[in-house]
Amino acid sequence: MKSMLLELFSYKSTKIAKYIMRNLVTYFFAISFIIGLVVFGNQFVLTVQESIDRGIPFQELMPLISFNMIRDVPVILVLSIFLAVIITISQLYKNSEAIVMNSIGLGDKAFLSVIKPFAIFIFLFVLFLTAYAVPWAKHQKSVAEEKTNNASEFSFITEGKFESFKKGDIVFYASDSTSIDVDGEQNMEEIFIYASDNGNPVIVLASDATKYIDPESKSIYLRLKDGVRYQGLPSSENINILNFDSYNLEIVSGEVQKSLATFTEIEEKTTLDLLKQGGLLAVAELQWRLSLPLSILILVVFAVYLGKTSPRGGKGINILIGIFVFMLYNNGLLVAKSSIENGLLSPIIGMWSIHLIAILFLILLYQFRQGKIMYFIDKITIFNNKKKSHV
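Quantities reported herein were computed from a predicted structural model and do not represent experimental measurements.

Glancing now at the overall build of the protein. Of regular secondary structure, the protein possesses 11 helices and 6 strands. Taking all 391 residues of the protein together, the buried fraction comes to 39%. Sequence-distant contacts in the protein: of pairs separated by 6 or more residues, those separated by 24 or more amount to 61%. Total accessible area computed for the protein in this model is approximately 22200 Å², and 63% of it derives from carbon and sulfur atoms.

Structure representation (C-alpha cells):
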C-alpha cells in the first residue's frame, strides 16, 4: 500500500501534489511581486530624483530602469523560490497536513519530487538570464548611458549647484553652463573652486571653464580661463596668489575611469566571449553567472528542511533563518568573486568552494533532521563515560 502511494505521488498527478504545487507557485509569484515592487520602486524613485537634480528628461532615463530590472531579476527569483518553498512546506506542517503525509510514507523526498519540476524550470530560466539576458541588458544600458551622457556622476556639471569630486577634495560651482557637445565638452561661466593641495587650501576663481576628456589618459579636466588662484588661508602671510590665462585642473583620474570601464566591459561580454578571453576577471564573471542558477538547486533542498516545523512552533522563525542563510550564501559568492578578480583566490577553488560548504551544511542539516547527529553524540558520550569509569 505504501509503495503504491509513493508511486502515485511520484507522477505529480495526485491531488496532494497539485495542492502543493499550486501553493508553491502562488507564494512564488506573490513574493516575487513584493520584492520586485520594493526593489524596482526604489530604483524608479531614485531615477526620478536624478532626473530632477541633473535636469535630464525623464524619458531618457526610463530605459535605464528597464535594463536594471533585467539585471536584478535573477537574484529576486532565487530568493523568491527559496522563501516560497519554505513557506509552502511550513504551512503543510502548521496545518498538520505534512504529519498525515509522513504517516503514510510521504516525507521530504516526496516533497522534493513534487517541487523538482518547478525548481528546474526556474533554474533554466535564471541560467538563461545570467548567461544571455543580463549581459545584453548591461551592454544596452552602457549604450543608453553613453547616448544620454550619463555614464557616470562626472559626465556633466549642473549650473548653480555646488558639486564635489575626488571624494570631496574638490568642491566646484558654476553659475552658468551649457549642454555637452558632440566631443564631450561642456562650457561654464563664473567658476568657483575650493581644493586641497597637500593639506593647504586652494581657491580658484575663473570667468570661463571647459570640461573635457583627455583622449590619451582618459582623465577628466577643467580648463579654466582668465582667473586667479589663491593658495593658503586669506589671513596667512604665506598666501600665494597666481593670475592665469589658462589653467588645467584634473577632477577625475583616468585610472579610475579605466578601472570602472574594465569591470563594466567584462560584465557586458557574452558567455562565449568570456570563455575565449580567459583571465581572472573573465573566470570570476563566468563562475558568477553559473553560481546563481546552481544556488537554486541547493537552496530548494535547504528550504524543504527549513520548512519542517512543529504545528505549535513560532511563526516566521524559519523564514528569518532562511533569509539569513540566503544572505550568507549570496554574500559568500560575492566575496569569492571579488577575491578571484583580485587574485586572492584560485579560480579552481573559486565560488565552487562556497557551493561545497553549502552542501556540507545541507548534509549536516539532513543528519540533524534524521536524528543521526544526536546518535553519534550519544555514542561519543557513552564512550567517554566508559573511559572515565575505567579510570
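Counting 54 residues, the largest nonpolar core has Ile81, Phe82, Val85 and Ile115 as the members making the most contacts within it. For this core, the secondary structure elements donating two or more residues are α2 (15–54), α3 (58–94), α5 (108–147), α8 (280–306), α9 (317–341) and α10 (352–369). Take this core: its biggest share by element is 14 residues, from α3. If near-sequence neighbours (up to four positions away) are discounted, Ile81 is found in contact with Phe28, Phe118, Ala119, Ile122, Ile296 and Val300. If you look at the next biggest cluster of nonpolar residues, it comprises 17 residues, including Val202, Val204, Ala206 and Phe244.

Okay, the pattern of salt bridges next. The final tally for this structure, using the stated rule, is 4 salt bridges. Linking Glu341 and Lys337 is a salt bridge whose minimum nitrogen-to-oxygen distance equals 2.8 Å. Placement of both Glu341 and Lys337 in helix α9 is noted, with a separation of 4 residues, approximately one turn of the helix. In this structure, a network of salt bridges that share partners links the residues Glu285, Arg289, Lys337 and Glu341.

With that out of the way, let us pick up α9. Here α9 is 25 residues long and its end C-alpha atoms lie 36 Å apart, about the 36 Å a rise of 1.5 Å per residue gives. Trailing α9 by a residue or two, Gly343 shows a phi angle of about 75 degrees, which is positive.

So, about the confidence of the model for the protein. With 71% of its residues at a pLDDT of at least 70, the protein reaches an overall mean of 76. Below pLDDT 50 for its whole length, residues 4–11 participates in 14 contacts with residues either more than four positions away or in separate chains. With pLDDT under 50 throughout, residues 259–263 is counted as low confidence; its partners more than four residues away or in other chains account for 3 contacts.

What follows concerns unusual backbone geometry. At Glu190, a position not held by glycine, the phi torsion is positive, near 50 degrees. Relative to the helices and strands, Glu190 is located in strand β3 (residues 186–197). Phi angles above zero are rare outside glycine, and Asp226 is one such case at about 50 degrees. Along the chain, Asp226 turns up in strand β5 (residues 220–231).

Another point: the environment of Tyr366. The residue Tyr366 is located in helix α10 in this model. Exposure remark for Tyr366: the relative accessible area of 26% places this residue in the partly exposed category. For the pair formed by Tyr366 and Val301, sequence separation is 65 residues and the distance between their alpha carbons is 9.6 Å.

Quick look at the packing of aromatic side chains now. Under the counting rule described, the total for this entry stands at 4 aromatic pairs. When the ring of Phe28 is compared with that of Phe118, the centres are 5.2 Å apart and the planes differ by 85 degrees; the resulting orientation is edge-to-face. Of this pair, Phe28 sits in helix α2 while Phe118 sits in helix α5, and the two are 90 residues apart along the sequence. Overall, the relative accessible area of 4% leaves Phe28 in the buried class. With relative accessibility at 11%, the residue Phe118 sits in the buried group. Through successive ring pairs, a cluster of aromatic residues spans Phe28, Phe29 and Phe118.

Conventions adopted
- Residues numbered from 1 in each chain as written.
- Predicted model: local features only at pLDDT ≥ 70, side-chain atom pairs only at ≥ 80, totals over all residues.
- Heavy atoms only, no water.
- Helix = DSSP H or I, 4+ residues; strand = E, 2+ residues; numbered from the N terminus.
- Buried < 20%, exposed > 50% of the residue type's maximum accessible area, 1.4 Å probe, protein only.
- Contact = heavy atoms within 4.5 Å.
- Areas by Shrake-Rupley, 256 points an atom, 1.4 Å probe, with all protein chains shown as cover.
- Core = buried A, V, L, I, M, F, W, Y, C linked by side-chain atoms within 4.5 Å.
- Salt bridge = Lys/Arg side-chain N within 4 Å of Asp/Glu carboxyl O.
- Expected span 1.5 Å × (residues − 1).
- pLDDT = per-residue confidence, 0-100.
- Phe/Tyr/Trp six-rings, centres within 6.5 Å; stacked < 30°, edge-to-face > 60°.

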